[in-house]
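If you want the building blocks of each chain, they are given just below.
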Amino acid sequence: MNTPLSFIESAFADPASLAAAARLRVVLVGTQHPGNIGAAARALKTMGLARLVLVAPEDYPAEEAYRRAAGADDLLGDAPVVDTLAEAVADCHLVLGCTARSRRVQLEEHAPRQAAAVAVARAAAGGEVALVFGRERTGLSNEELQLCHAAVHIPANPGYSSLNLAAAVQVLAYELRLALLEGAAPATAEPVHPDEVPASHAHMEGFFTQLGDTLDAIDFHKGRTPDSAMRKLRRLFAKAQLNEQEVRLLRGILADAQRMARLAGGGGTGSLS
Ligand code: SAH
């Protein structure tokens, strides 16, 4: 099987840019028209990007996808198909969700150029980065947007702001290429200390699950629905860009809070009552 780099090995003269490009993936969620999948593969390859991941496409594999991929059928053939967005981004350190509707979610929002700069900087520093695109009819669900660290909106005509899926992929892929051509030298030549490895998406999801359980255990919500508080907490921790060691520390605190809640609830040995 080809490695992703083999599709793009001549796409960037600078080896650091090539290495960063190989850490960028585009994720298409629930795509309805296979032609858009092919056109997205072509959009990526023209910009020197190699990694496409498909989440539960509606009609795939399909001849139409390969027709529209033109010469990018190699890249398309290598695109993994998975069942959920969580699976597609489990090893990612930065996940950006592209949305046709501005300010629809309480996420920090970037324009494409800013998003590309952030994405390339993170990839240059060794992080895995995903740009996520939604369904043609309905875009990304709120649950899917919750898995993203920030939203990206192409500032199109406000009265007609929804681009064709593959056209939106092309705009973002072009901005990524410009950012990669500007150079992707890591900000520091110092090797990253193992304790400072940024927490992966899967680590953060484990933390959020435990945080939700703990808030329940200490009756933080008091009958209110937990959604709004959890959304705000997700945003807060996304801004903090936690590393693995910090996540371990916070989870240790949560584990103690859960233990104390159990004791207070009478689930303990009784020695404290
Ligand atoms: N009717 C859908 C539009 C989906 S278009 C909706 O209202 O959400 C399919 C996908 O293309 C979107 O989910 C998004 O990922 C991308 N897209 C389309 N227009 C965009 C824009 N202006 N900015 C960012 N992404 C866009």
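Residues numbered from 1 in each chain as written. Predicted model: local features only at pLDDT ≥ 70, side-chain atom pairs only at ≥ 80, totals over all residues. Heavy atoms only, no water.

As annotated in an unreviewed UniProt entry, the chain carries the name tRNA (cytidine/uridine-2'-O-)-methyltransferase TrmJ and comes from Pseudoxanthomonas mexicana. Of the comments in the UniProt record for the chain, the one headed Sequence similarities (unreviewed entry) reads "Belongs to the class IV-like SAM-binding methyltransferase superfamily. RNA methyltransferase TrmH family." Per UniProt, the comment on the chain under Subunit (unreviewed entry) is "Homodimer." (UniProt positions renumbered as here; feature names shortened; annotations may be inferred.)

Draft legend 1. Spatial organisation of the site of the ligand. The immediate surroundings of the ligand are formed by 19 residues, with C98, R137, I154, S161 and L163 found nearest. A distance of 3.2 Å separates a nitrogen atom of the ligand from a polar backbone atom of T99. Within the backbone of I154, a nitrogen or oxygen atom sits 2.8 Å from a nitrogen atom of the ligand. Comparing atom positions with the cavity grids shows the ligand to sit within the second largest pocket. (Near = heavy atom within 4 Å. Polar contact = N/O pair within 3.5 Å; in protein donor to acceptor, adjacent residues only side chain to side chain. 1 Å grid on protein atoms, 1.4 Å probe; cavity = no way out; pocket = protein on both sides within 12 Å on 5 of 7 lines; lining within 4 Å. Sits in = over half its atoms within 2 Å of the grid points.)

Draft legend 2. Molecular detail of the pattern of salt bridges. Evaluation of the coordinates by the stated rule reveals 10 salt bridges. Across the salt bridge formed by D74 and K45, the nearest N and O atoms sit 3.0 Å from each other. Note that D74 is positioned in helix α5 (residues 73-77) and K45 in helix α3 (residues 34-46), a separation of 29 residues in sequence. When the shortest N-O distance is used, the salt bridge between R51 and E128 registers 3.0 Å. Of this pair, R51 sits in strand β2 (residues 51-55) while E128 sits in the loop between α7 (112-124) and β6 (129-133), placing them 77 residues apart in sequence. For the pair R51 and E128, one class covers both residues: buried. Among the charged side chains, a network of salt bridges with common partners joins R25, R51, D91 and E128. (Salt bridge = Lys/Arg side-chain N within 4 Å of Asp/Glu carboxyl O. Helix = DSSP H or I, 4+ residues; strand = E, 2+ residues; numbered from the N terminus. Buried < 20%, exposed > 50% of the residue type's maximum accessible area, 1.4 Å probe, protein only.)

Draft legend 3. Main features of the domain arrangement of the chain. For the chain, the domain assignment lists domain 1 (8-181) and domain 2 (194-263). The centre of domain 1, based on its C-alpha atoms, is set 28 Å off from the matching centre of domain 2. Of all residues in domain 1, the largest losses of buried area upon contact with domain 2 belong to H93, Q106 and Q146, amounting jointly to 46% of the total for that side. There are 0 salt bridges connecting domain 1 and domain 2. On the surface where domain 1 and domain 2 come into contact, there are 5 residue pairs in polar contact (both at pLDDT 80 or more). Per-class residue counts for the side of domain 1 that touches domain 2 are 6 nonpolar, 4 polar and 2 charged. (Domains from an automatic or database assignment. Buried area = accessible area lost by both parts, 1.4 Å probe. Nonpolar A, V, L, I, M, F, W, Y, C, P; charged D, E, K, R; others polar.)

Draft legend 4. Structural view of a nonpolar patch on the surface. A contiguous nonpolar patch, built from Y174, L178 and L181 and spanning about 280 Å² of accessible area, is present on the exposed surface. Among the structural elements, L178 can be located in helix α9 (residues 165-181). For L178, a relative accessible area of 31% corresponds to the partly exposed category. (Patch = residues over 30% accessible without salt bridge, like charges linked within 9 Å, V, L, I, M, F, W, Y side chains within 5 Å. Areas by Shrake-Rupley, 256 points an atom, 1.4 Å probe, with all protein chains shown as cover.)

Draft legend 5. Seen up close, the packing of α7 against α9. Contact geometry for α7 and α9: axes closest at 8 Å, N-to-C directions at 55 degrees. The orientation of α7 relative to α9 falls into the category oblique. Here α7 runs over α9; the crossing is right-handed. Listed contacts from α9 to P112, R113, A116, A117, A119 and V120 of α7 are V171, L172, E175, L176, A179 and L180. (Axes fitted to C-alpha atoms, helices over the stretch in contact; angles between N-to-C directions. Parallel < 35°, antiparallel > 145°, perpendicular 65-115°, else oblique. Left-handed = near helix turned anticlockwise from the far one by under 90°. Contact = heavy atoms within 4.5 Å.)

Draft legend 6. Quick look at α7. With 13 residues, α7 should reach 18 Å at 1.5 Å per residue; the first-to-last C-alpha distance of 18 Å fits that figure. A positive backbone phi angle near 100 degrees is found at G126, which sits one or two residues after α7. (Expected span 1.5 Å × (residues − 1).)

Draft legend 7. Inspection of the pairing of strand β4 (residues 94-98) at higher detail. Taking burial as the measure, the 5 residues of β4 include 5 buried ones, the bulk of the element. Neither face of β4 is open: one carries L94, L96 and C98, the other V95 and G97, and all of them are buried. Of the pairings in the sheet, the one linking β4 to β6 comprises 5 bridges and is parallel in character. Bridged to L96 within β6 is L131. Relative to strand β7 (residues 150-152), β4 runs parallel, the two sharing 3 bridges. Among the inter-strand pairings, L96 is bridged to a residue of β7, identified as A150. (Pairing = 2+ DSSP bridges.)

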